[in-house]
Structures are given as C-alpha cells and as structure tokens.
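Structural characterization, general
The lines below spell out each chain.
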Amino acid sequence: MLCVNSVSEAAHAIRRGQLVGMPTETVYGLAADALDAQAVLRIFAAKGRPRFDPLIVHCCDLAMVRSVAVLSPRAERLAQLWPGPLTLVLPRLAVVPDAVTAGLDTVAVRIPDHPLALDLIRASGRPLAAPSANRFGRISPTTAAHVLEQLGDAVACVLDGGPCRIGVESTVLRPDPSPLVLRPGGIGREALAAHLGEAIALAGRDERAGALPREAPGMLASHYAPRAPVVLRQPGQPWPDDAACLAFTGHDLPATAQAEILSPSGDLAQSAAGLFAALRRLDARQPSRIVAELVPDHGLGEAINDRLRRAAGLG
Ligand code: AMP
Ligand code: MG
C-alpha cells in the first residue's frame, strides 16, 4: 500500500473498483465508486461494517448530486451550504445500488469541502461512497497515518491531505417532511436553522433508529470507541488518579493527571478538530479506562458530546 499525492493514480484505482483513503474536511473517508456495487461491498468488508448501515455518497457538484438524488425546495436551500460538512438524506434515483443505501429508498449525499476530495471525485468521474476510514465501531481517522494503521492493507492508496480541519463527521439531516438532524456533526443546528429560517429538531435514539433498516439500532449504540472502556465524568466529580482523562479546558485537572486537554480556551471548533487524535493518544497508553467530560451542548458541542456518549456505549 502506498501513500500518494497523485490524484490521477487514486482515480485510476477508483475506476478499477479499488478503495482509496480520501481526505475530507471532516474525517478521512474510505472511498469507492458509488455506482459500482462490487466496489461498494469491498468497503463493508474492509471496515467490518454491517451491510444495513448505509453509506454517504460524495459528489463534486450539484449536477452530480442530481444524478443520484432528488432535491426538494428545502433541500435546494440547504444545498447552498455546500461544499461543507452537511449530509442530506434525499429520495434516491435507481442508478444508486442497494448496497449503498442498505435497500432504503433514500440516499445520503454531500459535497465535501476539501480540494483533494473534490479533485478525486472529478478525476474519477463518479460519485464516491465513503464512510470513515476506520474499522467499524472504532475511532475515526483524522490523518493519513490513522488510515494506514487500521486499513493499510485494504486500500490501493491514501491521498495525504494533512490533518482534517473539522475533525468530526458531517451533520446528517433529513430535510422533509420537516427538517430533522439524524446525526449531529460538523455544522451546528443553530447555523442550519438560521440558514433555513425554521427550527430544526434533533432526532432522539428511537427516531434515529427509525430512519435506518430494522436491524441497525442496537449495533450502532457503541461507536467511535477506543480499546479502553470510556466513562463519562459527571459535572463536579473529581478527576480520578487511576485513569486516562479527556478534559475540555482542563481548568480543574490535578497536575498529576494523565490527561489530554481539548481546548484550554474553551473553543469548540478546536476541541472537535483534536477530539479523535486525543482519544487515540489516550488509548495508546493502554489505560484501564478513559474518563471523559462532556462539553457545552451547543454548536459543534452537540457533535462532540454525541461522539463521547457513543464512545461510552450510551448511543
Ligand atoms: P458514516 O458512518 O459517517 O458513513 O455515516 C453514515 C451514516 O449516515 C449512517 O450510519 C446513517 O446514520 C446515516 N445515513 C446514511 N444514509 C442514510 C439514509 N438513507 N437514511 C438515513 N440515514 C442515513
Ligand atoms: Mg464512521
């Protein structure tokens, strides 16, 4: 396996039905030709991902989006936010293989905001199905090295775009019949609501499960998980001496704690960008457990807290 900076080499691999590690502004994706069912099945096999968990299709422009899905007036308005960390769940066209959508009549689509991803999609001439480039249920990759660690044998190559700018996955939103966030992510609900001029609900666990094929729910509760068990710290509780700690600002951490601090100044964007790498570093110390504190629950904080709860198996 090679780490390359050649988009044309990577596009050749895509056209041969192979897998490519693709940088995006959110996390690194494991990309394949979304219109080639055999190639898409290789994604599920490489990740160990259950087939009932549908994939996001990455497009380079609106014309490509319209070749796989139908946009309602509300979806058109949300599409003005592309390229960006927003995935829309839309009625699909027949050209999309069942393997991508897990047999649903909707498809999740976005236009990523990363020059290498856009170049790769354009050079391949195909929409690319790409979940995060990690083994199913484990921590998402935010550098090319993270991809090589877990999936080096599965990919034809990885395009190295450096560390991901946003660091958590895209916000998944179903626009109709009324806008509903199925997964909080790289763009906060407040920003989406301001753009649409209407309130946007956050799906509870049951609604989230209801949007997916029947088998999905329980399987997806634990996710983004390190090897060590993750426990959430209750507000005001002292930090333990015998565990690895993931702190937000770290203002009340004892000097002796084995800790990672997400943002000393309390910045949520900085916290999101460093979240998965910090979890990996803590896990590499092989602690008996990782104690993590939640962050303020607004903007990107909703996505960070969602990932921490799911890492703790409370998804
Ligand atoms: P990822 O694991 O980052 O590839 O994100 C894929 C997630 O998007 C899935 O686990 C679902 O939660 C969501 N998703 C993808 N396609 C659909 C769909 N057609 N309907 C509802 N949710 C979807
Ligand atoms: Mg993932």
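Right above here is the structure, for reference.
Let me begin by describing the structure that accompanies this report. (Residues numbered from 1 in each chain as written. Chains lettered and ligands numbered in written order. Predicted model: local features only at pLDDT ≥ 70, side-chain atom pairs only at ≥ 80, totals over all residues. Heavy atoms only, no water.)

1. Considerations on the overall build of the protein
In terms of regular secondary structure, the protein is built from twelve helices and 15 strands. Taken over C-alpha atoms, the radius of gyration comes to 19 Å for the protein, in line with the 20 Å a tight globule of 315 residues would show. Counting across all 315 residues of the protein, residues that qualify as buried make up 58%. Taking contacts inside the protein between residues at least 6 apart in sequence as the whole, the part at least 24 apart equals 67%. As displayed, the protein offers around 12700 Å² of accessible surface, 53% of which is attributable to carbon and sulfur atoms. (Helix = DSSP H or I, 4+ residues; strand = E, 2+ residues; numbered from the N terminus. Rg over C-alpha atoms; globule rule 2.2 N^0.38 Å. Buried < 20%, exposed > 50% of the residue type's maximum accessible area, 1.4 Å probe, protein only. Contact = heavy atoms within 4.5 Å. Areas by Shrake-Rupley, 256 points an atom, 1.4 Å probe, with all protein chains shown as cover.)

2. Thoughts on the side chain of T142
Assignment of secondary structure puts T142 in the loop between β7 (128-129) and α7 (144-151). For T142, a relative accessible area of 4% puts it in the buried group. The contact partners of T142, leaving out residues within four places of it in the chain, are T26, V27, Y28, G162, P163, C164, G167, F276 and A277.

3. Side note on the pattern of salt bridges
Overall, the coordinates contain 19 salt bridges when judged by the stated rule. Across the pair D98 and R92 runs a salt bridge, and its minimum N-O distance is 2.5 Å. The structure contains a network of salt bridges with shared partners spanning E169, R208, D306, R307 and R310. (Salt bridge = Lys/Arg side-chain N within 4 Å of Asp/Glu carboxyl O.)

4. Describing the pairing of strand β15 (residues 290-293)
Where burial is concerned, the two faces of β15 agree: the one with I290 and A292 and the one with V291 and E293 are both buried. Two elements, strand β12 (residues 230-233) and β15, share four bridges in a ladder whose sense is parallel. Bridging across to β15, L232 finds its partner in A292. Relative to β15, strand β13 (residues 244-247) is paired through three bridges, and the arrangement is parallel. (Pairing = 2+ DSSP bridges.)

5. A word on the site of ligand 1
Around ligand 1 lies a shell of 14 residues, among which R49, D53, T106, A108 and R183 are the nearest. Between ligand 1 and the protein, one listed contact pairs an oxygen atom with a side-chain N or O atom of R49 at 3.0 Å. Notes on ligand 1: free accessible area 500 Å², of which the protein chains cover 91%. Listing elements by their share of the shell around ligand 1, those giving two or more residues are β6 (106-110) and β10 (180-183). By residue class, the composition of the shell around ligand 1 is ten nonpolar, one polar and three charged. (Near = heavy atom within 4 Å. Polar contact = N/O pair within 3.5 Å; in protein donor to acceptor, adjacent residues only side chain to side chain. Nonpolar A, V, L, I, M, F, W, Y, C, P; charged D, E, K, R; others polar.)

6. Overview of the side chain of H195
Note on placement: H195 falls in helix α8 (residues 189-196). Of note is the side chain of H195, whose polar atom sits 2.8 Å from the backbone oxygen of R77.

7. Things to note about the sheet that holds strand β14 (residues 258-261)
Strand order in the open sheet formed by four strands is β12-β15-β13-β14, and the pairing between neighbours is parallel. In this open sheet, the two strands that pair with only one neighbour each are β12 and β14. Pairs of neighbouring strands in the sheet enclose a mean axial angle of 25 degrees, with direction left out of account. Strand direction decides the pairing type here: β13 and β14, joined by four bridges, are parallel. Residue pairing for β14: A244 is matched across the bridge by Q258. Seen against the sheet, helix α11 (residues 268-284) touches β13, β14 and β15 and runs at an angle of roughly 165 degrees to β13. (Axes fitted to C-alpha atoms, helices over the stretch in contact; angles between N-to-C directions.)

8. What about the packing of α11 against helix α12 (residues 301-311)?
At their nearest, the axes of α11 and α12 sit 9 Å apart, and the two run at 30 degrees to each other. Put simply, α11 runs roughly parallel to α12. Remark: the crossing between α11 and α12 carries left-handed chirality. Residue-level inspection shows L268, S271, A272, L275 and F276 of α11 in contact with α12, the latter providing G301, I304, R307 and L308. Tallied by class, the residues present in the contact of α11 with α12 amount to six nonpolar, two polar and one charged. (Parallel < 35°, antiparallel > 145°, perpendicular 65-115°, else oblique. Left-handed = near helix turned anticlockwise from the far one by under 90°.)

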